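# Examination of the molecular architecture
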Amino acid sequence: MTIQNNRMDVVLSNENITKMKEGFKLINSVLEPIAQGLTATERQTLPKMDVSNKSFVGDAILAVKNNPDFLPAYLTANAMDNDYQLYLQLDEFLGLTETLLEKLSDTQMLAGSEAYSNALVAYRLFGSAAKAGLNGADSVYDKLASRFAGQGPSGSSTAPAAPATATA
């Protein structure tokens, strides 16, 4: 078993954490006046905009602008166009947010995986030290083993094997 290559040996500085939080606060403050919540039912039942519908909506807005006499007064091109423009504006930010979310999620997953994998290695090594009779190792091993109580055959404290990956 070899210890996984440590790709995430960093932490965020307090300054960078503050900057990131300020960025999120700024985005939230800009969105606050227009942000809307939906119920679970609304999320399922509202008609959805998709790529093919963008063209249709654009054509419909032009038709309403050019032919207002055919429609009731409550259906205005201006209101339709505002909704459409907001949709397009938010579409750009959703793409940026999805990319950011993937970066955050992947980085967190890797950091967690490395921490957990190394914890499993340490657990196994403490177990070996306890079996060898090293003074005090059994109490450390027992504390860590409580995480796996009731797992494995006959309720033993069996942890999953630490991942063995080649180091670069």
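In this report, the structure presented in the accompanying data block is examined. Predicted, not measured: the structure shown is a model, and the values here were computed from it. (Residues numbered from 1 in each chain as written. Predicted model: local features only at pLDDT ≥ 70, side-chain atom pairs only at ≥ 80, totals over all residues. Heavy atoms only, no water.)

This part takes up the overall build of the protein chain. Across its full length, the protein chain carries five helices and zero strands. Starting at the N terminus and ending at the C terminus, the protein chain contains elements arranged as α-α-α-α-α. For the protein chain, long-range pairs separated by at least 24 residues make up 59% of all intrachain contacts whose partners lie at least 6 apart in sequence. Surface exposure of the protein chain reaches about 13,200 Å², of which carbon and sulfur atoms provide 60%. (Helix = DSSP H or I, 4+ residues; strand = E, 2+ residues; numbered from the N terminus. Contact = heavy atoms within 4.5 Å. Areas by Shrake-Rupley, 256 points an atom, 1.4 Å probe, with all protein chains shown as cover.)

Summed over all chains, the structure comprises two salt bridges. A salt bridge links Lys19 to Glu15; the shortest N-O distance between them is 3.3 Å. Taken as a pair, Lys19 and Glu15 lie in helix H1 (residues 14-31) at a separation of four residues, close to a single helical turn. Owing to a relative accessible area of 49%, Lys19 belongs among the partly exposed residues under this scheme. What makes Glu15 exposed here is its relative accessible area of 53%. A salt bridge links Asp91 to Lys54; the nearest nitrogen and oxygen atoms lie 3.1 Å apart. In this pair, Asp91 is assigned in helix H4 (residues 77-131) and Lys54 in helix H3 (residues 51-66), connecting sequence segments 37 residues apart. (Salt bridge = Lys/Arg side-chain N within 4 Å of Asp/Glu carboxyl O. Buried < 20%, exposed > 50% of the residue type's maximum accessible area, 1.4 Å probe, protein only.)

There is a patch of nonpolar side chains on the surface, built from Leu12, Met20, Phe24, Leu100 and Leu104 and spanning about 430 Å² of accessible area. Elements with a minimum of two residues in the nonpolar patch: H1 and H4. Along the chain, the position of Leu104 falls in helix H4. Residue classification places Leu104 among the partly exposed residues on the basis of a relative accessible area of 39%. (Patch = residues over 30% accessible without salt bridge, like charges linked within 9 Å, V, L, I, M, F, W, Y side chains within 5 Å.)

This part covers the packing of aromatic side chains. Counted according to the given criterion, the structure contains two aromatic pairs. Ring geometry for Tyr123 versus Tyr141: centroids 4.9 Å apart, planes at 15°, classification stacked. With a gap of 18 residues between them, Tyr123 in helix H4 and Tyr141 in helix H5 (residues 137-145) connect regions that are remote in the sequence. A relative accessible area of 3% places Tyr123 in the buried class. Among the aromatic side chains, those forming a connected cluster through ring pairs are Tyr123, Tyr141 and Phe148. (Phe/Tyr/Trp six-rings, centres within 6.5 Å; stacked < 30°, edge-to-face > 60°.)

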